Amino acid sequence: MIKMDPDLSLTQKILPDDPDKKPQAKQLQTRADYLIKLLNKDLARKEAQRLAGADEIVSLKHPHKKIKAEKENEEKPEPDIGIKKEAEEKRETKEKENKRDLKREKKEKEDKKELKEKDIKEKRENKVKESTQKEKEVKEEKVNDIKSESKEKTKKIPLMDTPVHITATSEPVPISEEAEELDQKTFSVCKERMRPVKAALKQLDRPEKGLSEREQLEHTRQCLIKIGDHITECLKEYTNPEQIKQWRKNLWIFVSKFTEFDARKLHKLYKHAIKKRQESQQHNDQNISSNVNTHVIRNP
């Protein structure tokens, strides 16, 4: 191989290992084509000179032969023209291939760049779309929440079919008939109604320390009477028997949250305490009446 021949010293001058350095195969081919072209020209020149010298000699000796040779030369194509033309065609073909390769590489780079830019643009647009969609969904949720709240506030409750209580904000609160648990609005109304006996509610299930069992029972009974009397006072503002019944139940359910007994048990204990209080009151009244009569008899 020419490159590895030590006599030529071309190891570092042609086909370097670094593909970016020249000359590579394409450049060597171009140079070889050019050298062949020069050689063909020189060969054609020498051949022309040789033929011209021969023609002069023939013309001196045989003039008629010169004419015949000229005609034969005109009819016969020069052999070096074919070689020259073939080398020229190869060079042009090689240049065209090189140009095509360069165009193809350039087009591939442009296509990759365009594809990358398109991908980046699509990702950016997708992010913007997702952000816009999220904002739209959040706005729709807020609007739906506002609409729902508005519907709940403006929803009319039939007064003849369902007992209601008008709160301080003039909003009708539906009264539950069967549930032992109070809804939030009813609970808030009960809380406001029972605020005056808040201390009694707290002491209902937590009597003072140091009391005997009998004293604790009496303390609980007094708290229960105080609470029950307040409930009775609250119910006086209603005239509808169904409303009175329902709100008595709601208020006693509220009271049951402060003790281990349910609403029915507390109401029953309250009625028993009231009965006992009435009996005690009657007994006291009788004693007072008896004492007055005795005093009158002794001092007529």
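Each chain carries its own residue numbering, running from 1 in the direction its sequence is written. Note on the predicted model: pLDDT of at least 70 is required for a residue's local features to be given, and 80 or more for side-chain atom pairs to be given and counted; whole-chain, interface and lining totals, by contrast, use all residues. Excluded from the side-chain calculation are hydrogens and water; included are all heavy atoms of the structure.

> Can you walk me through the environment of Asp229 in this structure?
Secondary structure elements are taken from DSSP: a helix is a run of H or I of four residues or more, a strand is a run of E of two residues or more, and numbering for both begins at the N terminus. Turning to its location among the elements, Asp229 is positioned in helix 6 (residues 213-234). Classification of Asp229 as partly exposed rests on a relative accessible area of 28%. Considering only alpha carbons, one finds Asp229 and Ile274, 45 residues apart in sequence, at a separation of 9.2 Å. Only heavy atoms matter for contacts: two residues are in contact if any of them lie within 4.5 Å across the pair. Setting aside residues no more than four positions away along its own chain, Asp229 makes contact with Tyr270, Ile274 and Arg277. Any N or O atom pair separated by 3.5 Å or less is treated as a polar contact, with the protein-specific requirement of one donor-capable and one acceptor-capable atom, and with residues adjacent in sequence counted only for side-chain atom pairs. Here the side chain of Asp229 touches Tyr270 through a polar contact of 2.7 Å, side chain to side chain. Throughout, exposure labels follow a simple rule: accessible area from a 1.4 Å probe, protein chains only, divided by the maximum for the residue type, with under 20% read as buried, over 50% as exposed, and the rest as partly exposed.

> Can you help me understand the confidence of the model for the protein chain in this one?
In low-pLDDT segments, the atomic positions of the prediction should not be examined closely. The score called pLDDT rates the predictor's confidence residue by residue, from a low of 0 to a high of 100. Residues with a pLDDT of 70 or more make up 75% of the protein chain, whose mean pLDDT is 77. In the predicted structure, residues 154-179 sits below a pLDDT of 50 and forms 46 contacts with residues beyond four places in sequence or in another chain.

> Explain the pattern of salt bridges to me, please; I cannot follow it from the model alone.
Side chains that differ in sign of charge can pair as their charged atoms come close. Salt bridges are identified by distance alone: a Lys or Arg side-chain nitrogen within 4 Å of an Asp or Glu carboxyl oxygen. Taken as a whole and assessed by the stated rule, the structure comprises 16 salt bridges. Across the pair Glu86 and Lys90 runs a salt bridge, and its minimum N-O distance is 4.0 Å. Here Lys90 and Glu86 lie together in helix 3 (residues 79-154), a separation of 4 residues that amounts to about one turn. By relative accessible area, Glu86 is classed as partly exposed at 45%. A residue is classified by how much of its surface remains accessible, and Lys90, at 51% relative accessible area, is exposed. By sharing partners, the salt bridges in this structure join Lys26, Asp101 and Arg104 into a single network.

> So what exactly am I meant to see when it comes to the packing of aromatic side chains here?
Centre distance and the angle of the planes are the two values used to describe a pair of aromatic rings. The pairing test for Phe, Tyr and Trp rings, Trp by its six-membered ring, is centres within 6.5 Å, and the orientation test on the planes gives stacked under 30 degrees, edge-to-face over 60, and tilted for anything in between. Per the counting criterion, the structure on display carries 4 aromatic pairs. With 5.6 Å between their ring centres and 45° between their planes, Trp252 and Tyr270 make a pair best called tilted. Residue Trp252 is located in helix 7 (residues 241-256), and its partner Tyr270 is located in helix 8 (residues 263-298); the two are separated by 18 residues in the primary sequence. Note on Trp252: relative accessible area 3%, which makes it buried.

> It is not clear to me how a negative patch on the surface should be interpreted in this structure. Could you clarify?
A contiguous patch of negative charge, built from Glu137, Glu140, Glu141 and Asp145, is present on the exposed surface. Among the structural elements, Glu140 can be located in helix 3. What makes Glu140 partly exposed here is its relative accessible area of 40%. Think of a patch as exposed residues, more than 30% relative accessible area, with no salt bridge, where like charges cluster within 9 Å and nonpolar side chains (Val, Leu, Ile, Met, Phe, Trp, Tyr) cluster within 5 Å. Surface accessibility in these figures is a Shrake-Rupley result with a 1.4 Å probe; residues are shielded only by whichever protein chains are displayed. By the counting scheme adopted, Arg and Lys are positive, Glu and Asp are negative, and His together with the chain ends is not counted. One atom stands in for each charge, and that atom is NZ of Lys, CZ of Arg, CG of Asp or CD of Glu.

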